[in-house]
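Single-letter residue listing:
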Amino acid sequence: MTSYEYRAPVEMAARELFEFLARPQSLPQHLPGLSGATPRIDHDRRRVSWEEGGYRGELDVVDDGAGHSEVVIAVETDDPGDVRRELEEAVAALAHRATAEADVSAAKDQNTWY
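Residues numbered from 1 in each chain as written. Predicted model: local features only at pLDDT ≥ 70, side-chain atom pairs only at ≥ 80, totals over all residues. Heavy atoms only, no water.

Participant: Help me understand the overall build of the protein chain, please; the structure alone is not making it clear to me.
Facilitator: Broken down by element type, the protein chain carries two helices and five strands. When its helices and strands are written in sequence order, the protein chain yields β-α-β-β-β-β-α. A burial count over the protein chain gives 35% of its 114 residues as buried. Total accessible area on the protein chain stands at roughly 6,900 Å², and carbon and sulfur atoms take up 47% of it. (Helix = DSSP H or I, 4+ residues; strand = E, 2+ residues; numbered from the N terminus. Buried < 20%, exposed > 50% of the residue type's maximum accessible area, 1.4 Å probe, protein only. Areas by Shrake-Rupley, 256 points an atom, 1.4 Å probe, with all protein chains shown as cover.)

Encoded structure:
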């Protein structure tokens, strides 16, 4: 098995980002190999972990100051594909969806369209 790690900053509070990532439907849509796995959620450590066949991993959300966080994803897999690129794309898509949902929610709370 080969190990990979990818880190990326996200302009979103760690608590809010983790709430999005901890939803059962969030990760399988973007992380390859997670279609049948049931992620384990550790709210205290802001960690989501999973294991399915020859694929296992952990995703941590680290507080990086007011309104900023870092996503750290580590996986072990037997997949010979371009895993690093897949992780980069998955984290980018997850961060985009999380911030977009937060923006829509904030706009609804303020009762404005912008």
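Don't stop here, the text continues.
Participant: How do you make sense of the nonpolar core when you look at a structure like this?
Facilitator: Nonpolar side chains in soluble globular proteins tend to end up buried together. Counting 29 residues, the largest nonpolar core has Leu 17, Leu 21, Leu 27, Leu 31, Trp 50, Leu 59 and Ile 73 as its most contacted members. Of all the elements in the fold, those that place two or more residues in this core are strand E1 (2–10), helix H1 (14–21), strand E3 (47–52), strand E4 (55–63), strand E5 (69–77) and helix H2 (83–110). If one sorts the elements of this core by residue count, H2 sits on top with eight residues. Contact partners of Leu 21, with chain neighbours within four places excluded, come to Ser 26, Leu 27, Val 48, Leu 59, Val 61 and Leu 94. (Core = buried A, V, L, I, M, F, W, Y, C linked by side-chain atoms within 4.5 Å. Contact = heavy atoms within 4.5 Å.)

Participant: What's the story with H1 in this structure? I'm lost.
Facilitator: Turn by turn, an α-helix covers 3.6 residues, leaving residues three or four places apart pointing in a common direction. Every buried residue of H1 is listed here: Ala 14, Leu 17, Phe 18, Phe 20 and Leu 21. Relative to the axis of H1, the buried residues are bounded by an arc of 160° and lie together on one face. (Arc of directions from axis to C-beta.)

Participant: Help me understand the environment of Gly 57 in this model?
Facilitator: On the secondary structure map, Gly 57 appears in strand E4. Taking the C-alpha atoms as reference points, Gly 57 and Thr 77, 20 residues apart in sequence, are found 8.6 Å from one another. For Gly 57, the contacting residues outside a window of four places in its chain are Val 48, Ser 49, Trp 50, Ala 74 and Val 75.

Participant: Help me understand the sheet that holds strand E2 (residues 40–42) in this model?
Facilitator: Hydrogen bonds between backbone groups are what pair the strands of a sheet, and the pairing can be parallel or antiparallel. Strands sit in the order E1-E5-E4-E3-E2 across an open sheet of five strands; the sheet is antiparallel. Of all the strands in the sheet, the pair left with one neighbour each is E1 and E2. Pairs of neighbouring strands in the sheet enclose a mean axial angle of 15°, with direction left out of account. Bridge analysis of E4 against E5 gives nine bridges, and the strand direction is antiparallel. For Gly 57, the partnering residue across the bridge sits in E5 and is Val 75. (Pairing = 2+ DSSP bridges. Axes fitted to C-alpha atoms, helices over the stretch in contact; angles between N-to-C directions.)

Participant: Is there a simple way to explain unusual backbone geometry in this structure?
Facilitator: Trans is the prevailing form of peptide bonds, just as negative phi is the prevailing case for residues other than glycine. Even without a glycine there, the phi angle at Arg 46 is positive, about 50°. A residue is classified by how much of its surface remains accessible, and Arg 46, at 25% relative accessible area, is partly exposed.

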